[in-house]
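# Residue-level structure breakdown
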Amino acid sequence: MVIASDIDRLIQLLSKLPGLGPRSARRAVLHLMKNREQLLRPLGAAIVSAGKNVQSCSQCGNLDMADSCGICSDRRRDPSVICVVEEVADLWALERTAVYRGFYHVLGGVLSPLDGVGPEDLNISGLVARARKEHVKEVILATSTTVDGKTTAHYIADRVENCGVTVSVLAHGIPVGGELDYLDDGTLSAALKERRSAKSKI
Ligand SMILES: [Zn+2]
């Protein structure tokens, strides 16, 4: 039963994706099987290609086909500002607003003592090194308003404070525990435009 085991494997793997349980994974697989030429084969090829070609930008942590990524190598961007986000999804959310024209730094998570995530597990030393560069004037902390997100913002503010940069945080409007990716573009744009000094906000 080679075919059945392939299907089982597909269902098993797809059900590990965020938002997909076994039931929706089964439906997705059946849908793929019904649409082999239009969906199953192109999807398979796209996954193989992404696995081969997509990489993390060594400067900011964004995902792209090239290192440096399209954002880091865009000379029209403002090199004086770095916006610090938890995950690539947050970077994408900010990019969708088309308001922010500086650079980014993806931490790869938040500090979480309970889960054993310490500063060395996040891309923080890379950020400190970037913040020390002369052209960088401001670091915007766009971590979430969860306890861990705030702890992370505090920690980073302490680390980059003596790099000679202004440290700011997004304005209120971000729901408690909310992740950037879930915000509508208008709220996010406003939070970015009305950002404040980190000293009074965190
Ligand atoms: Zn980059």
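Scroll up to find the structure.
Figured I'd write up the structure that's included with this text. (Residues numbered from 1 in each chain as written. Predicted model: local features only at pLDDT ≥ 70, side-chain atom pairs only at ≥ 80, totals over all residues. Heavy atoms only, no water.)

Among the secondary structure elements, Asn-62 is positioned in the loop between β1 (55–56) and β2 (63–64). Setting aside residues no more than four positions away along its own chain, Asn-62 makes contact with Gln-55, Ser-56, Cys-57, Cys-69, Ile-71, Val-88, Leu-91, Trp-92 and Val-106. (Helix = DSSP H or I, 4+ residues; strand = E, 2+ residues; numbered from the N terminus. Contact = heavy atoms within 4.5 Å.)

Ideal geometry at a metal gives 109.5 degrees between four tetrahedral donors and either 90 or 180 degrees between six octahedral ones. For the zinc ion, every protein donor is listed as Cys-57 (SG), Cys-60 (SG), Cys-69 (SG) and Cys-72 (SG), and the spread of their distances is 2.3 Å. One can describe the donor arrangement at the zinc ion as tetrahedral, given that its 4 donor atoms subtend angles of 104 to 116° at the metal. Read N to C, the donor residues that coordinate the zinc ion are spaced as C-x2-C-x8-C-x2-C. Taken together, the residues span a long stretch of sequence, with Cys-57 in the loop between β1 and β2 and Cys-69 in the loop between β2 and β3 (81–85) at a distance of 12 residues. (Donors = N, O, S within 2.8 Å, 3.2 Å for Na, K, Ca; no water. Tetrahedral: all angles 85-135°; square planar, octahedral: opposite > 155°, others 65-115°.)

Take the pattern of salt bridges next. Across all of its chains, the model carries 6 salt bridges by this definition. Here Glu-37 ties to Arg-41 by a salt bridge, and the two come within 2.9 Å at their closest N and O atoms. Here Arg-41 and Glu-37 lie together in helix α3 (residues 36–53), a separation of 4 residues that amounts to about one turn. A cluster of three or more residues bridged by salt bridges with shared partners is formed by Asp-74, Arg-76, Arg-77, Glu-95 and Arg-101. (Salt bridge = Lys/Arg side-chain N within 4 Å of Asp/Glu carboxyl O.)

Every buried residue of helix α4 (residues 88–97) is accounted for by Val-88, Asp-90, Leu-91, Ala-93, Leu-94 and Thr-97. Elements in contact with the buried residues of α4: β2, β3, β4 (103–106) and α7 (185–193). In the stretch just after α4, Ala-98 is the one whose phi turns positive, near 60°. (Buried < 20%, exposed > 50% of the residue type's maximum accessible area, 1.4 Å probe, protein only.)

This next bit is on α7. Among all positions in α7, only Leu-188, Ser-189, Ala-191 and Leu-192 are buried. The buried residues of α7 occupy one face: seen down the axis, they fall within an arc of 165°. Among the structural elements, α4 and β5 (138–141) are those in contact with the buried residues of α7. (Arc of directions from axis to C-beta.)

A word on the nonpolar core. Cys-83, Val-85, Leu-94, Tyr-100, Tyr-104 and Ile-140 are the most contacted members of the largest nonpolar core, which has 23 residues in total. Among the elements of the structure, β3, α4, β4 and α7 are those that each provide at least two residues to this core. Among the elements that make up this core, the one with the highest residue count is α4 (4 residues). Non-local contacts of Ile-140, meaning those with residues more than four positions away in its chain, are made with Val-81, Ile-82, Cys-83, Val-84, Tyr-100, Ser-168, Leu-170, Leu-192 and Arg-195. Ile-82, Val-84, Ala-131 and Val-139 belong to the second largest nonpolar core, which has 21 residues in total. (Core = buried A, V, L, I, M, F, W, Y, C linked by side-chain atoms within 4.5 Å.)

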